[in-house]
Amino acid sequence: MAALSVVVTQVAWWPLRPGWLDASPAGRGLWVVLPLACLAGVVVGLRRDNPERAVAGALVCAVLGLAVPAAAGSTVGLRPADLLCGPVAVVLTVYSLAVYRTAAVSVIGAGAIPVVGAGYDLGRGAGIRPATGTAVLLAAGIAAVWSSGRLRRRVLAHRRAVRDYQAGAHALPAHAAATERRRLAAELHDVAAHRMTAVVVGAAAALRLSDPERDAEALSHALREGRQAVEELDRLVTMGAATYPLDEVDIDRLLADHGVGTYHRSGPPLSAHQARLVYRVVREALTNAARYAEGAGVEVRVRHGDGRLVVTVVDGGGRVVGEGLGSGTGLAGLDAAVRAAGGVLGADRHGDGWRVCAEIPSPRPGRSAPATATMRGDRALVVLAAGLSLGVVLLPSAGDRDLLSGATATATLLVPLLSHSATLAWRRTRPLPAFGVASGILCVWVLAGYAGWTGLNAAEAFLASWWIELMLVYSIGAYGPTGRPGWWAPGTVSVLGGAALAEGTGIHGNRLGVAVVLAVLLLPLTLGAWWAGRVVAGTRRRRAVRDDRARTAEQEVVAGAASSSRAQLGQELRRDARRHAMAVVAAATDGRLTEVLAEGRATLTALRVLVHTPAEQVPEPPPSLLGLEHLATRRYAALVVTPPVAPLPAALEVLVYRAVAAVLDDGALVEVRTEPSGVDISVVGGRVRDAHAVRRLRDIVDAADGRTDVAEDEERIRIWLPRTPA
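Please read all numbers here as calculations on a predicted model, not as lab measurements.

A.B. asks: Requested: an account of the overall build of the chain, with residues and values cited.
C.D. replies: When you go through the chain residue by residue, the secondary structure sums to 22 helices and ten strands. In the chain, which comprises 726 residues, the proportion classed as buried is 47%. In the chain, the proportion of contacts linking residues at least 24 apart, taken out of those at least 6 apart, comes to 75%. Accessible area for the chain stands at about 34100 Å²; split by element, carbon and sulfur atoms hold 61% of it.

Structure (structure tokens):
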């Protein structure tokens, strides 16, 4: 359709003069234009599949549209203004290039337009200044087109993300329920099963030795561990967690309870995450040693080296207490936990005994929060504003005075013009300072004009850049602080604008009175811009509140599904495992060691059944943080989301998922940190050296107007995804 519209536009623009279809110059000119229009239409037809070639072809059409009239205009009755197909093709293809390609690629294609324009002027004998002016004006126009394409690219990415999230949102409750059951099953093995194993091992050893003192010690141990197991089972069901935060003191206590004779620890203190993982590795290794190597000496080493934390547990070998005490999932679950932290777990024979070794990456130094990045669309607005201002100065009309007659005049003119244009770069992120700088520059123009210090009076400067002031007034209403409405901004611009316009060469009489009248006339326009920004801000806030409520309701459903799964598991625990654990406590209280052993084994059997109960098959979760957690588990990657905050917008969660999934690799470390202005992601050990994966990542992030930083030497990828305002 767009390709056809180029041809139709060109024909419709053709001047309908008498004899335009006969052999007159006008008629001959049309038959020259039609092939060029068809060529432009073909080029535009390529804009989606191959926008780079489409831009190149459009440039050729535009140059031909200038060269043909210059070479044979009088013969065929052509003027450059008659050939619209080339410029229209350039606009459409540059727009498509910005929509379908990354900013880096599209900027190169768009930047070729002013270069070619300046080259054409130089080729036909124009001077450096006119060629520069042409390039600047073309850059301004192309910047506006490119910015529109970038906006369309972000909108399409947002729509696709929301659509993909909604397509899989129905699976969230079922997935949350299954995830909760798997997590609780792992907790059962790590906590209650560990205590019951210790009870069974102690009771069996005491019964075998027939020592009254050993019997009393075993009963006391069973009573203490049994009560702890019951409390932890109750806490697991009611609160969803069975363990408290752990530190190095807990590790020391664990080693003392198991009578470990050799323990070496070196390096800095352990973090909470490291302590919990070390505790789990040591506990699993000691539990297995108690089951399968009774009475063996055990050596535990925890050391830092080469950016890794190494935990080694070695036993000397011994007798097996009894079969069927374990669930068969201990080392597998531990391996998954270690790999999820980006580490490696090894378990093998070591002499007559067994060795368990875990290598865990040490935490890297803290990362500073990323600076709020200026949106690329706002940078394009700066190019537009600067290009329009400089183009007027570089290409004065006939009879206009030259404003760049000397170095001093050039500096005093260009510095404020460019500075005034640059304020648009911060119109979203820092609207109040940007407005203050722009108003200060306009005030200086007014004062300098009255003092006669500059060749460009304030009226000319204001007329050339008034839309910048309106854009900044709009930005204060749309992006300014919520509690500070900024009603003063329209009045400030109106007053300064009235004072500037009163300096015009056609103004006579009382300039102060003229300035007041002009300020009053400007006030409705500036108030309208500010009010439009306020309306947009209100709409955005209402949409955010609506989305937050929808996400909160969704999270409540998900939490309800997880709670139901926990309640169901609790019923199963109370029916079997907890009942046997209570029986262990009762038998230990009454001094019945044989019953303690039997009920302890029954508790372990019940827990083993719960751990091995197959989870229901559930659909894949949508691309979201929950889906990313699921993906990281499958890839044995570590995922840390900090800080715990309210749900992110659905589209942003999808973009986070896609960005990480593009470069995620087995054993990678992923940190997702939410900020008020966006999400900061760090991936260590991902597919940094996979060129295809990195290109895919950059395409995803670029569509969201984000940033990527790839450091191959550190095997680290850093991603920044902004909460882009509408």
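Here the narrative resumes, following the displayed structure.
A.B. asks: Give a detailed account of the pairing of strand E8 (residues 678-684), specifying residues and quantitative values.
C.D. replies: Here is the key point about a regular strand: its side chains alternate between the two faces of the sheet. Burial within E8 is extensive, with seven of its seven residues counted as buried. Residues Gly678, Asp680, Ser682 and Val684 point to one face of E8 and Val679, Ile681 and Val683 to the other, with burial holding for every one of them. As defined by bridge partners, strand E7 (residues 669-675) adjoins E8 across seven bridges and the pair is classed as antiparallel. Paired with valine 670 across the two strands is valine 683, which belongs to E8. Linking E7 to E8, which pair antiparallel, is a turn of two residues. Where E8 and strand E10 (residues 716-722) come together, seven bridges link them in antiparallel fashion. Within E10, the position partnered with isoleucine 681 by the bridge is isoleucine 719.

A.B. asks: How would you summarise the sheet that holds E8 if you had to cite specific residues and measurements?
C.D. replies: Strand order in the open sheet made by the five strands is E6-E7-E8-E10-E9, with mixed pairing throughout. With partners counted over all chains shown, the strands left at the sheet margins are strand E6 (638-642) and strand E9 (707-711), one partner each. Across the sheet, the axes of successive neighbouring strands diverge by a mean angle of 10 degrees, strand direction being ignored. In this sheet, E7 lies alongside E6 in parallel orientation, the contact comprising five bridges. Residue pairing across strands places threonine 642 opposite arginine 673, the latter belonging to E7. Relative to E10, helix H21 (residues 650-663) is tilted by about 165 degrees, and along the sheet it contacts E7, E8 and E10.

A.B. asks: Tell me what's going on with the packing of aromatic side chains, and back it up with residues and numbers.
C.D. replies: For the structure shown, the criterion picks out two aromatic pairs. Between tryptophan 530 and tryptophan 531, the ring centres sit 6.4 Å apart and the planes meet at 55 degrees, which makes this aromatic pair tilted.

A.B. asks: Which residues make up unusual backbone geometry, and what values go with them?
C.D. replies: Backbone phi values are negative for most residues with the exception of glycine, while trans is the configuration of most peptide bonds. Unusually for a residue other than glycine, serine 210 sits at a positive phi of about 55 degrees. With phi around 65 degrees, aspartate 705 is a residue other than glycine that occupies positive phi space. The residue aspartate 705 is located in the loop between helix H22 (691-703) and E9 in this model. Aspartate 705 sits in the buried class, given a relative accessible area of 3%.

A.B. asks: I'd like to hear about helix H10 (residues 248-257), residue by residue, with values.
C.D. replies: Among the residues of H10, Glu248, Asp250, Ile251, Leu254 and Leu255 are the ones counted as buried. Seen from one end, H10 has its buried residues packed into an arc of 155 degrees, which puts them on one side. Summarising the geometry of H10, the exposed residues directed more than 90 degrees from the buried face are Ala256 and Asp257. For H10, the secondary structure elements touched by its buried residues are helix H8 (192-209), strand E1 (262-265), helix H11 (272-292) and strand E2 (298-305). Residue glycine 259 follows H10 closely and has a positive phi angle near 65 degrees.

A.B. asks: Quick one: what's the story with the packing of helix H17 (residues 488-501) against helix H18 (residues 511-590), residue by residue and with numbers?
C.D. replies: Where H17 contacts H18, the two axes come as close as 7 Å, and the packing angle between them is 140 degrees. The two elements H17 and H18 cross, and the hand of that crossing is right-handed. In this structure, H17 contributes Pro490, Gly491, Val493, Ser494, Val495, Gly497, Gly498, Ala499 and Leu501 to the contact, and H18 contributes Ala515, Leu518, Ala519, Leu522, Leu523, Thr526, Leu527 and Trp530. A per-class count over the contact of H17 with H18 returns twelve nonpolar, five polar and no charged.

A.B. asks: Got a sec to walk through the pattern of salt bridges? Specific residues and values, please.
C.D. replies: Using the criterion set out here, one finds 33 salt bridges in the structure. For arginine 673, the salt bridge identified is with aspartate 680, shortest N-O distance 3.3 Å. The same class applies to arginine 673 and to aspartate 680, which are both buried. The residue arginine 689 makes a salt bridge to glutamate 715 at a minimum N-O spacing of 3.1 Å. Placement of arginine 689 in the loop between E8 and H22 and of glutamate 715 in the loop between E9 and E10 is noted, with a sequence separation of 26 residues between them.

A.B. asks: Outline the confidence of the model for the chain, listing residues and values.
C.D. replies: Within the chain, residue pLDDT values average 82, and 86% of them lie at 70 or more. Segment residues 17-23: pLDDT under 50, and 14 contacts once partners within four positions in sequence are set aside and those in other chains are kept. Counted against residues more than four places away or in other chains, residues 368-372, with its pLDDT under 50, gives eleven contacts.

A.B. asks: Report on the sheet that holds strand E5 (residues 353-361), specifying residues and quantitative values.
C.D. replies: Reading across from one edge, E1-E2-E3-E5-E4 is the order of the five strands in this open sheet, with mixed pairing throughout. Of all the strands in the sheet, the pair left with one neighbour each is E1 and strand E4 (344-350). The sheet shows a mean angle of 10 degrees between the axes of neighbouring strands, direction not considered. The pairing of E2 with strand E3 (residues 308-315) spans eight bridges and is antiparallel. Residue glutamate 299 lies in a different strand from E3, and its bridge partner there is valine 314. Seen against the sheet, H10 touches E1 and E2 and runs at an angle of roughly 165 degrees to E1. Lying over the sheet, H11 contacts E2, E3 and E5, oriented at roughly 15 degrees with respect to E3.

A.B. asks: A description of the pairing of E1 should follow, citing residues and the corresponding values.
C.D. replies: Bridging between E1 and E2 involves four bridges; their strand directions are parallel. Paired with histidine 264 across the two strands is arginine 301, which belongs to E2. Chirality of the crossover, the property in question, places the unit of E1, H11 and E2 among those that are left-handed.

Scoring rules and cut-offs
Along each chain, residue indices are assigned from 1 in the same order as the chain's sequence is written. Owing to the predicted nature of the model, reporting of local features is limited to residues with pLDDT of at least 70; listing and counting of side-chain atom pairs is limited to 80 or more, with chain, interface and lining totals taken over all residues. Side-chain metrics in this entry use all non-hydrogen atoms of the structure; hydrogen atoms and water are not considered. Per the convention used, a helix needs a DSSP run of H or I reaching at least four residues, while a strand needs a run of E reaching at least two, with both numbered from the N terminus. Only protein chains enter the accessibility calculation, which uses a 1.4 Å probe. A residue is then buried if its area is under 20% of the maximum for its type, exposed if over 50%, and partly exposed in between. Any two residues whose heavy atoms approach within 4.5 Å are treated as being in contact. Where accessible areas are quoted, they stem from the Shrake-Rupley method and a 1.4 Å probe; at the residue level, only the protein chains shown are allowed to cover. Between any two strands, pairing holds if DSSP finds at least two bridges. Between the N-to-C directions of two axes lies an angle of 0 to 180 degrees, each axis being a line fitted to C-alpha atoms and, for a helix, fitted only over the stretch in contact. Under the pairing criterion, centres of Phe, Tyr and Trp rings, with the six-membered ring standing for Trp, must be within 6.5 Å; the plane angle then separates stacked pairs below 30 degrees from edge-to-face pairs above 60, leaving the rest tilted. When we speak of the arc, we mean the arc of directions from the helix axis to the C-beta atoms. It is the rotation of the near helix from the far one that decides the hand of a crossing: anticlockwise by less than a right angle makes it left-handed, clockwise makes it right-handed. Any residue that is not Ala, Val, Leu, Ile, Met, Phe, Trp, Tyr, Cys, Pro, Asp, Glu, Lys or Arg is counted as polar, Gly included; the first ten are nonpolar and the last four charged. One speaks of a salt bridge when a side-chain nitrogen belonging to Lys or Arg is within 4 Å of a carboxyl oxygen belonging to Asp or Glu. pLDDT measures how confident the predictor is about each residue, on a scale from 0 to 100. When the strands point away from the viewer and the path from the first strand over the helix to the second turns clockwise, the crossover is right-handed.

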